[in-house]
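Remarks on the overall topology
Below are the chains, spelled out letter by letter.
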Amino acid sequence: MKRSPGLGPFQLFTVLFGTIIGVAWIVATGLWINEAGPAGALLAFGVGALIMWLIGLCFAEMMAMFPDANGSMAYVFEAFGERAAAAAGWFLVLMYAATCGWYFVTIAWLLETVLPALGGPVVYEAFAGQVRLGDVLLGLGGVVAITIVNLRGVGPRAVFQDALVVMKIVIGITLFGCALLLGRSEYLNPLFAVQETAPAWIGVLSVAVMTPFFFAGFDVLPQAVRDRRPGVRLQSLGAIVGLATAGAFVFYGGAILAAAVSMERSALQASTLPIFSAFKEGLGQPWLAYLAILAGISGILTGWNANLMSGARVLQGMARAGVTLPFFAHERPPRAGEPPVPLRATLFISALAVAMGLLGRNALGPIVDMAAVPLLVVFALVCTGLIKLRRLRPNDARPYRVSEGTLLPWLAVALSIGLIAAGIVTALAGGGLLQWILMLLWAFAGALFWHLAASHRNSLDVEERKLRVLQGE
């Protein structure tokens with residue numbers, strides 16, 4: 001079904017790019033440089049970009065085959081059946097909600113860096129960390145704002161996303177250009193981190209393993225493709241994926257070089273916000289530091305917006321297909337020329353984000369680490385499903401097709417499995433039981449809702465359920 005007005009190629013790019021570039025470039029650059037050195041970190045991010053580009057191309061082919069489908073859940077349904085799709089969709093909802101909860105926390109973190117008084121008094125403690133009144137109020141303010149934007153429909157959401165992504169790119173060019181002009185090249189040495197107990201390549205590998213997590217965001221794009229403008233060529237999806245991935249690599253690379261030339265290595269490592277410290281203390285340019293915070297907030301808002309949209313769409317699609325409670329299928333009547341808005345699903349995702357955000361900064365890291373693992377499993381399933389559909393249905397229309405036969409898809413599968421292993425190790429290294437308890441509770445809730453939705457599911461024949469998933473209806 002064609003929808004007008006809708007999203008054009010540039011809006012599809014901003015959704016993907018805005019999801020990839022969040023706030024990690026502000027808080028984690030010191031870690032990357034310390035582990036691998038400036039050149040090593042650039043090399044590691046190049047490897048990460050290549051891995052995610054291959055996975056993204058598999059998504060692009062699936063999106064072109066099923067442009068109105070309910071994202072990854074639909075691709076898994078078509079290749080592996082209803083139960084696998086229901087499990088994939090349910091854990092994707094958790095991942096989206098946990099990511100929104102992370103943004104709940106980080107927006108307060110950045111704003112309180114600029115204005116510490118915003119933190120206010122400590123109101124309670126959670127997981128060995130203090131939660132201040134400002135943390136709660138700023139997070140709630142972000143939830144309300146992003147929820148309202150999403151409930152207003154595609155048009156306002158697209159304008160919001162476009163404006164913030166363009167602002168982030170302009171600020172990034174300004175920041176990184178000034179750093180290269182004002183910074184000191186001697187700070188780049190050593191180009192590769194020197195460790196007493198390990199060779200330099202170990203540091204590069206340690207950063208390379210984590211970089212795909214900073215390029216993830218491809219599961220958001222299928223939800224946006226459903227709202228494409230009439231006339232948008234599905235053949236362009238591969239180019240959009242490639243441009244967003246390359247652009248993200250350039251952005252991350254600029255952040256790494258900017259931080260590296262602006263401040264001594266030891267001081268950069270000690271900072272909780274390396275980019276902010278590099279500009280404010282290293283270069284002595286507070287106005288650039290505050291621009292970096294503004295870009296970071298922009299990154300939070302674009303990522304938050306895209307994840308809330310995608311989570312709500314997946315949950316509503318599950319409800320319409322009868323694999324979870326029909327309650328979540330309710331939608332707000334559409335505006336003229338726009339698709340309906342998944343009202344209850346949007347409010348549910350936002351409520352989950354608030355619940356997780358209120359656990360405080362110490363809890364969100366392990367939760368997000370654990371919630372990322374199902375996303376990686378979905379990556380592997382989508383890439384494997386593409387190969388399976390190529391074999392079973394070779395004559396199906398594929399407006400965009402990954403080149404080199406099945407070589408690149410098989411490579412994407414292998415790399416996805418490697419990322420799953422790395423993600424599990426990362427989650428285990430975080431320690432504690434919180435993330436595992438959450439996963440078990442979420443799995444139990446998903447199974448319970450599947451059981452409670454049985455009557456609705458049984459009222460639809462298999463083809464009708466399949467049609468609702470694949471056509472997004």
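Residues numbered from 1 in each chain as written. Predicted model: local features only at pLDDT ≥ 70, side-chain atom pairs only at ≥ 80, totals over all residues. Heavy atoms only, no water.

A closer look at the overall build of the protein chain
The number of helices and strands found in the protein chain is 19 helices and two strands. Relative to the 2.2 N^0.38 estimate, which gives 23 Å for 473 residues, the radius of gyration of the protein chain is 22 Å and therefore close to what a compact globule would have. Dimensions of the protein chain, computed from the C-alpha atoms along their principal axes, are close to 65 × 55 × 45 Å. Out of the 473 residues belonging to the protein chain, those deemed buried represent 58%. Pairs at least 24 residues apart make up 82% of the contacts formed inside the protein chain by residues separated by at least 6 positions. Per element, the accessible surface of the protein chain, about 18200 Å² overall, is 69% carbon and sulfur. Across the protein chain, the 30 positively charged side chains and the 24 negatively charged ones have centroids separated by 7 Å. (Helix = DSSP H or I, 4+ residues; strand = E, 2+ residues; numbered from the N terminus. Rg over C-alpha atoms; globule rule 2.2 N^0.38 Å. Buried < 20%, exposed > 50% of the residue type's maximum accessible area, 1.4 Å probe, protein only. Contact = heavy atoms within 4.5 Å. Areas by Shrake-Rupley, 256 points an atom, 1.4 Å probe, with all protein chains shown as cover. Lys, Arg positive; Asp, Glu negative; His and termini not counted. Charge placed at Lys NZ, Arg CZ, Asp CG, Glu CD.)

As for the pattern of salt bridges
Taken as a whole and judged by the stated rule, the model has six salt bridges. Connected through salt bridges with shared partners, the residues E61, R390 and R398 form a single ionic network. (Salt bridge = Lys/Arg side-chain N within 4 Å of Asp/Glu carboxyl O.)

What about a nonpolar patch on the surface?
A surface patch of nonpolar side chains, about 330 Å² in accessible area, is lined by L43, V47, L191 and F192. Relative to the elements of secondary structure, V47 occurs in helix 3 (residues 29–65). (Patch = residues over 30% accessible without salt bridge, like charges linked within 9 Å, V, L, I, M, F, W, Y side chains within 5 Å.)

So, helix 10 (residues 237–262)
The terminal C-alpha atoms of helix 10, which comprises 26 residues, lie 37 Å apart, in line with the 38 Å expected from a rise of 1.5 Å per residue. The buried fraction of helix 10 amounts to 19 of the 26 residues, a majority that puts the element mostly inside the structure. (Expected span 1.5 Å × (residues − 1).)

Some words on the pairing of strand 2 (residues 129–132)
The side-chain alternation of strand 2 yields one buried face, formed by G129 and V131, and one unburied face, formed by Q130 and R132. By the bridge criterion, four bridges tie strand 1 (residues 122–126) to strand 2 in an arrangement that is antiparallel. Of the residues in strand 2, the one forming a bridge with V122 is R132. Joining the antiparallel neighbours strand 1 and strand 2 is a turn of two residues, in which F127 adopts a positive phi near 55°. (Pairing = 2+ DSSP bridges.)

Side note on helix 19 (residues 462–470)
Every buried residue of helix 19 is listed here: R465, V469 and L470. Along helix 19, the residues classed as buried sweep out an arc of 125° about the axis, all on the same side. Elements that come into contact with the buried residues of helix 19 comprise helix 4 (71–80), helix 5 (82–114) and helix 18 (454–458). By the N-cap criterion, in which a side-chain oxygen at the helix start approaches the backbone nitrogen of a residue two or three places on, helix 19 is capped by D461, the distance to E463 being 3.2 Å. (Arc of directions from axis to C-beta. Polar contact = N/O pair within 3.5 Å; in protein donor to acceptor, adjacent residues only side chain to side chain.)

Digging into the packing of helix 5 against helix 6 (residues 133–151)
At a closest axis distance of 8 Å, the pairing of helix 5 and helix 6 adopts a crossing angle of 120°. By the angle between their axes, helix 5 is oblique relative to helix 6. Where helix 5 crosses over helix 6, the handedness of that crossing is right-handed. Facing helix 5, whose interface residues are F104, I107, A108, L111 and E112, helix 6 presents G134, D135, V136, L138, G139, L140 and V143. Residues of the contact of helix 5 with helix 6, tallied by class, amount to eight nonpolar, two polar and two charged. (Axes fitted to C-alpha atoms, helices over the stretch in contact; angles between N-to-C directions. Parallel < 35°, antiparallel > 145°, perpendicular 65-115°, else oblique. Left-handed = near helix turned anticlockwise from the far one by under 90°. Nonpolar A, V, L, I, M, F, W, Y, C, P; charged D, E, K, R; others polar.)

A few points about the nonpolar core
Counting residues in each nonpolar core, the largest one holds 156 residues, and the members touching the most others are W25, W32, Y252 and F279. Sort the elements by how many residues they give to this core and helix 3 lands first, with 19 residues. When sequence neighbours within four positions are dropped, the list of residues in contact with Y252 reads I20, I21, W25, W32, F45, F214 and F215. (Core = buried A, V, L, I, M, F, W, Y, C linked by side-chain atoms within 4.5 Å.)

Topic: unusual backbone geometry
Each neighbour pair has its own omega, and for N189 with P190 the value is -5°, a cis peptide bond. If you trace the backbone, P190 turns up in the loop between helix 7 (154–182) and helix 8 (200–215).

Some thoughts on the side chain of S310
Of note, S310 is situated in helix 13 (residues 286–320). If near-sequence neighbours (up to four positions away) are discounted, S310 is found in contact with Y96, D219, V220 and Q223.

Brief notes about the packing of aromatic side chains
Per the counting criterion, the structure on display carries 23 aromatic pairs. Between F45 and F215, the ring centres sit 6.0 Å apart and the planes meet at 55°, which makes this aromatic pair tilted. Placement of the pair is F45 in helix 3 and F215 in helix 8, with a sequence separation of 170 residues. Accessibility assignment for this pair places F45 and F215 in one class, buried. Ring centres 4.2 Å apart and planes at 10° place the aromatic pair W90 and W442 in the stacked group. (Phe/Tyr/Trp six-rings, centres within 6.5 Å; stacked < 30°, edge-to-face > 60°.)

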